[in-house]
Amino acid sequence: QVLLVESGGGLVQPGGSLRLSCAASGRTFSNYAMGWFRQAPGKKREFVASITKDGSNTYYADFVKGRFTISRDNAKNSMSLQMANLQSEDTAVYFCASPFMPLRTPDVQAMELMARTNHTYWGHGTQVTVSS
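This section reports on the structure supplied with the text. Bear in mind the structure is a predicted one, so any value in this text is a computation, not a measurement.

## So, the overall build of the chain
Part 1: Scanning the chain from terminus to terminus reveals 1 helix and 11 strands.
Part 2: Listing every helix and strand of the chain by position from the N terminus yields β-β-β-β-β-β-β-β-β-α-β-β.
Part 3: Radius of gyration (C-alpha) of the chain: 14 Å, near the 14 Å computed for a compact globule of 132 residues.
Part 4: Dimensions along the principal axes, computed over C-alpha positions, put the chain at roughly 40 × 30 × 25 Å.
Part 5: Taking all 132 residues of the chain together, 43% fall into the buried category.

Here it is in structure tokens:
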């Protein structure tokens, strides 16, 4: 089975930083694009960032561009999200995502389609709370 486990969430002040990690197992990690979604209370799940299988290209939602950086280490079957200048609007549960099938171009449209049609493996999420 495919298992995704997030870590690194917590409580931070506005303007603070956090680094989230996702450990993957159950598949050949380097063959698949990966990504992050988030869901705030009372809101729908939304795309945050994604990365190609070899880390050569990254994609971001407009609301995190310039603040968040996604990366991966295929030797460790791990993916990370470095978050800076966090704001209260970033408060949400952050989920690690892995599409069922390989994607050449895991842009926002492709990642959201895979998620919407239930063609994505998910972790259980890690809570990020930004509050003063």
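We are not done yet, so read on.
## Comments concerning the packing of aromatic side chains
Part 1: In the structure shown here, the tally under the stated rule is 4 aromatic pairs.
Part 2: Taken together, a centroid distance of 6.5 Å and an interplanar angle of 80° make the contact between Phe-95 and Trp-122 edge-to-face. Taken together, the residues span a long stretch of sequence, with Phe-95 in strand β9 (residues 92-99) and Trp-122 in strand β10 (residues 120-122) at a distance of 27 residues.
Part 3: Overall, the relative accessible area of 15% leaves Phe-95 in the buried class.
Part 4: Taking relative accessible area as the criterion, Trp-122 reaches 26% and is therefore assigned partly exposed.
Part 5: Here Phe-100 and Tyr-121 contribute two aromatic rings whose centre-to-centre distance is 4.5 Å and whose plane-to-plane angle is 50°, an arrangement assigned as tilted. Residue Phe-100 is found in the loop between β9 and α1 (108-116), and its partner Tyr-121 is found in strand β10; the two are separated by 21 residues along the sequence.

## Some details on the pattern of salt bridges
Part 1: Inspection of the entire model under this criterion finds 4 salt bridges.
Part 2: The partner of Glu-46 in a salt bridge is Arg-38, and the shortest N-O contact between them spans 2.8 Å.
Part 3: Owing to a relative accessible area of 31%, Glu-46 belongs among the partly exposed residues under this scheme.
Part 4: Residue class for Arg-38 comes out buried when judged on its relative accessible area of 5%.
Part 5: For Arg-67, the salt bridge is made with Asp-90, and the minimal N-O distance between the two is 2.7 Å. Residue Arg-67 is located in the loop between β6 (58-60) and β7 (68-73), and its partner Asp-90 is located in the loop between β8 (78-83) and β9; the two are separated by 23 residues in the primary sequence. Comparing Arg-67 with Asp-90, the two get one shared label, buried.

## Some details on α1
Part 1: Ala-110, Met-111, Met-114 and Ala-115 are the residues of α1 that are buried. Taken around the axis of α1, the buried residues stretch over an arc of 130°, which confines them to a single face. With respect to the buried face of α1, the exposed residues turned more than 90 degrees away are Gln-109 and Arg-116.
Part 2: Among the structural elements, β4 (34-39), β5 (46-51), β9 and β10 are those in contact with the buried residues of α1.
Part 3: Where α1 ends, the next residue or the one after it, Asn-118, has phi of about 60°, a positive value.

## Observations concerning unusual backbone geometry
Part 1: If you check the backbone angles, Asn-77 has positive phi at about 50° while not being a glycine.
Part 2: Along the chain, the position of Asn-77 falls in the loop between β7 and β8.
Part 3: In this model, Asn-118 sits at a positive phi of 60°, which is unusual for a non-glycine residue.
Part 4: With respect to the helices and strands, the residue Asn-118 is situated in the loop between α1 and β10.

Parameters at a glance
- Residues numbered from 1 in each chain as written.
- Predicted model: local features only at pLDDT ≥ 70, side-chain atom pairs only at ≥ 80, totals over all residues.
- Heavy atoms only, no water.
- Helix = DSSP H or I, 4+ residues; strand = E, 2+ residues; numbered from the N terminus.
- Rg over C-alpha atoms; globule rule 2.2 N^0.38 Å.
- Buried < 20%, exposed > 50% of the residue type's maximum accessible area, 1.4 Å probe, protein only.
- Phe/Tyr/Trp six-rings, centres within 6.5 Å; stacked < 30°, edge-to-face > 60°.
- Salt bridge = Lys/Arg side-chain N within 4 Å of Asp/Glu carboxyl O.
- Arc of directions from axis to C-beta.
- Contact = heavy atoms within 4.5 Å.

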